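Single-letter residue listing:
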Amino acid sequence: MKINKILIANRGEIALRVIKTCKDLGIETVTLYALNDRELPHASAGDQNISLGSGSLAETYLNQERIIEIAKETGAQAIHPGYGFLSENTEFCKKVKAAGLIFIGPSVEAIELMGDKKTSKEKMEEIGVPLIPGYHGDDQSITVLKKEAEKIGFPVLIKATAGGGGKGMRIVDGASEFEDALASAKREAKNAFGNDQVLLEKYIVNPRHIEIQLVSDGKGNHFHFFERECSIQRRYQKVVEETPSVALDDELRANMCETAVKIASGINYLGAGTIELILAEDNSFYFLEMNTRLQVEHPVTEMVTGVDLVELQILAASGEAFDFEQSDITQTGHAIEVRIYAEDPDNEFLPTTGKIQQIEVDSEVSFRLDCGYRDGNSISTSYDPMLAKLITWEQDRDLAIESMQDALNSVVFGGTKTNRDYLKRILNHERFVDGDINTHFIAEESEELQKEELHPLHFCIVSLVAELDLTKHVWDSYYVPHIKRFEYEGREVEVLVLKAGSDGVEVKWGSDTQRYSVYSKENNRITLGYKGEVLSAYFYQVDQKGTLQVFIHDFEVKVRALPKVSVKSGVAAFGEGALQSPMPGKIFKIIQTKGKTVSKGQPVLILEAMKMEHTIKANKDGVIKELFFKEGDQVQGGVLLCEIE
Ligand code: ADP
């Protein structure tokens, strides 16, 4: 049946992704949105856009009855569930079919079979697919489970049969830990899935996660679209995905793909699905699970095979045959995807919320950005914190990595803390670059992936950017030299601004002096010149206190200019012989000249402030090294007036 109108029962980037293909195919779309999502791009991207009102997830995106009703009211013939939400929900799938609509996905039976780790393993055994040595029997008594664990040999992995997202999973290193781990896995499984049945698997040491993309057409033909390597995971969640995998040679690849197709045909599969495999160090591989939907990481497959997987899903759901052969599908080049999350890797990956002030994308760098947000959108804690997926494609892996590094530098989510810099550290990591990865990469390298200490240059530029924004008269020469105090990534620091004029800026931090020019400043963007390089800086105020989030070329920091410099802190920054102005005022008289010898207590200059004269006296015996102002100059409080050596 030809589908002319599709309702998309999802939100964000995946809703937009489906709409894109529908537009290409001339299919009309209906989108749904919860009221708090009404400003998001997907909420107005369809031909018809229907509100689900406000309320919990169950009342909005998971409101099965209402969604089906909307499909019928709008005349949609099919529902695309995206991923997550209702995509693997057999109850929903049944209701959709009962309403005479097409569910763009596999059969209820396939979802049911594969949604359970136990039944899927039983089926795999029947088909003759390699399984991880383990136990998935019905007997759940502690004694039997423990005996089975011992038989398998430690380390053993306990998994909830209804599991997903790493929930209800425990690694057990020895028999003595088994009972506690079992109890806690069962508790977690019961809570998350309402089912505490578990199975046991041999824990594969240092494995890679390799998955095979499948799509079966509407006439019972099964195709694979090669592998994706998803070994870069944090807490069992994928962070970086790529294809091809460096771990496979042609033979192993063919073997894995053949196994996947055998599974698809063994269960009479329909539509897109993914066979997840675990690859051991000795190159043996085992069935892990099958995902009966489109995956988040599907774009990398599209980039190297040139197919549109959503289009194939729609064709399959319409009952059509594909017009190609397996041998027509080849891998060209290399693609990498990273998931940009609204989270703070420097603060235990806590999800961040708030408003995305601006999404800044450098159009000169080539990449694919699948993003569900636009400027001004708020990030809600009710949904997944993934903001966007960034995908690069190049002729080979090294180039694709380089291209991803450029791409990450050129995408800025202003006003929102994301994992962008963390992703860059992964992409720059020697082991990643060498392809020496396994599922423990992030855990093993966590220390190295921690935030780097920044180069003084970065700090100096940040200080200036912050100042440019906050202080209107920064370019007036009377304002320098002065100390600028900052709260910088949680620390309090000071820099000495020696020069700030139209011809350039000079900043001293510790013993290091940096010079650079400011080419232009418009709105929240400043273009700087440094050692022949042109750097662009973006800054966003992220709170009421005036904290700025600053992006400069390849890094992001938070900085807040602190109001006034105390003389005490100034001395600490400038050194012993520094004389500062105690308050804002005018230089009334300069008594000493450069190079003159003075003794402690001798007057150096007179400052006029609040209609009173303040004599600034030498604070030590020495020679006048520098006088920074002339008579009549206006000065701010805390600025350096004179240095005695
Ligand atoms: P879930 O359905 O909860 O995501 P999976 O069975 O797909 O659980 O496993 C998630 C991840 O856990 C895998 O990608 C892999 O990194 C790791 N894993 C799963 N089974 C094993 C095993 N037997 N040995 C080692 N690691 C495993």
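Residues numbered from 1 in each chain as written. Predicted model: local features only at pLDDT ≥ 70, side-chain atom pairs only at ≥ 80, totals over all residues. Heavy atoms only, no water.

**Some remarks on the overall build of the protein**
- What the protein contains, in helices and strands, is 16 helices and 39 strands.
- Structurally, the protein occupies a C-alpha span of about 95 × 60 × 45 Å along its principal axes.
- The burial tally for the protein puts 56% of its 645 residues in the buried class.
- Positive and negative charge centroids in the protein, built from 72 and 101 side chains respectively, lie 7 Å apart. (Helix = DSSP H or I, 4+ residues; strand = E, 2+ residues; numbered from the N terminus. Buried < 20%, exposed > 50% of the residue type's maximum accessible area, 1.4 Å probe, protein only. Lys, Arg positive; Asp, Glu negative; His and termini not counted. Charge placed at Lys NZ, Arg CZ, Asp CG, Glu CD.)

**Focus on the site of the ligand**
- Around the ligand sit 22 residues, and of these Lys117, Lys159, Gly166, Ile204 and His209 come closest.
- Note that an oxygen atom of the ligand is positioned 2.8 Å from one of the side-chain N or O atoms of lysine 159.
- Here an oxygen atom of the ligand and a side-chain polar atom of glutamine 233 are 3.0 Å apart.
- Burial of the ligand by the surrounding chains reaches 96%, relative to a free accessible area of 560 Å². (Near = heavy atom within 4 Å. Polar contact = N/O pair within 3.5 Å; in protein donor to acceptor, adjacent residues only side chain to side chain. Areas by Shrake-Rupley, 256 points an atom, 1.4 Å probe, with all protein chains shown as cover.)

**A look at helix 1 (residues 12-25)**
- Helix length check: helix 1 (14 residues) gives 21 Å between terminal C-alpha atoms against 20 Å at 1.5 Å per residue, within 8%.
- By the burial criterion, the buried members of helix 1 are Gly12, Glu13, Ile14, Ala15, Arg17, Val18, Ile19, Thr21 and Cys22.
- Just downstream of helix 1, glycine 26 is the residue with a positive phi angle, here 70 degrees. (Expected span 1.5 Å × (residues − 1).)

**Regarding the sheet that holds strand 34 (residues 597-598)**
- Pairing in this open sheet of four strands is antiparallel, and the strands run 32-39-37-34 from one edge to the other. Either end of the sheet is taken by a strand with one partner, and the two such strands are strand 32 (578-580) and strand 34.
- With three bridges connecting them, strand 37 (residues 622-627) and strand 39 (residues 640-644) associate as antiparallel partners. The residue bridging glutamate 626 from the neighbouring strand is glutamate 643, located in strand 39. (Pairing = 2+ DSSP bridges.)

**Digging into empty space enclosed by the protein**
- Tallying each qualifying case throughout the model produces two cavities of 30 Å³ or more.
- Roughly 50 Å³ of volume is contained in the largest cavity.
- Around the largest cavity, the lining residues are His80, Pro81, Gly82, Ser87, Phe103, Ile104, Gly105, Pro106, Thr292, Arg293, Leu294 and Gln313.
- Residue contributions to the lining of the largest cavity reach at least three from each of two domains, namely domain 1 (5-104) and domain 2 (106-132 + 207-330).
- Considering only enclosed or pocket space, the second largest cavity measures out at about 40 Å³ in volume.
- Surrounding the second largest cavity, Pro345, Asp346, Lys417, Thr418, Asn419, Asp421, Tyr422, Arg425, Lys451 and Glu556 form its lining.
- Along the lines of polarity and charge, the residues of the lining of the second largest cavity split into two nonpolar, two polar and six charged. (1 Å grid on protein atoms, 1.4 Å probe; cavity = no way out; pocket = protein on both sides within 12 Å on 5 of 7 lines; lining within 4 Å. Points joined across faces, edges and corners; volume = space filled by probe spheres on them. Domains from an automatic or database assignment. Nonpolar A, V, L, I, M, F, W, Y, C, P; charged D, E, K, R; others polar.)

**Quick word on the nonpolar core**
- In terms of nonpolar packing, the biggest core is built from 58 residues, with Ile6, Phe287 and Met290 touching the most fellow members.
- Mapping this core onto the domain boundaries places at least three of its residues in each of domain 1 (5-104) and domain 2 (106-132 + 207-330).
- Among residues more than four places away in sequence, those in contact with phenylalanine 287 are Met114, Ser120, Met124, Val129, Pro130, Leu131, Ile132, Ile263, Ile275, Glu276 and Leu277.
- In terms of nonpolar packing, the next biggest core, distinct from the first, is built from 33 residues, Ala342, Ile379, Ala400 and Ile401 among them. (Core = buried A, V, L, I, M, F, W, Y, C linked by side-chain atoms within 4.5 Å. Contact = heavy atoms within 4.5 Å.)

**Here's the deal with the packing of aromatic side chains**
- The tally for this structure, following the rule as stated, stands at nine aromatic pairs.
- Relative to phenylalanine 103, the ring of phenylalanine 92 has its centre 6.3 Å away and its plane inclined at 75 degrees; by these criteria the two rings are edge-to-face. Of this pair, phenylalanine 92 sits in helix 3 (residues 90-98) while phenylalanine 103 sits in strand 5 (residues 102-103), and the two are 11 residues apart along the sequence. Across this residue pair, the class does not change: phenylalanine 92 and phenylalanine 103 are buried.
- Ring centres of tyrosine 540 and phenylalanine 551 lie 6.1 Å apart, and the angle between their planes is 80 degrees; on these two criteria the pair is classed as edge-to-face. On the criterion of sequence distance, the pair formed by tyrosine 540 in strand 29 (residues 533-541) and phenylalanine 551 in strand 30 (residues 548-552) is long-range, its members being 11 residues apart.
- A residue is classified by how much of its surface remains accessible, and tyrosine 540, at 2% relative accessible area, is buried. (Phe/Tyr/Trp six-rings, centres within 6.5 Å; stacked < 30°, edge-to-face > 60°.)

**What about the sheet that holds strand 33 (residues 585-590)?**
- On the basis of which strands lie adjacent, the open sheet formed by four strands has the order 36-35-33-38 and antiparallel pairing. At either margin of the open sheet sits one strand with a lone partner, and together these are strand 36 (612-617) and strand 38 (634-635).
- Here two bridges tie strand 33 to strand 38, and the two strands are oriented antiparallel to one another. Bridged to glycine 585 within strand 38 is valine 635.

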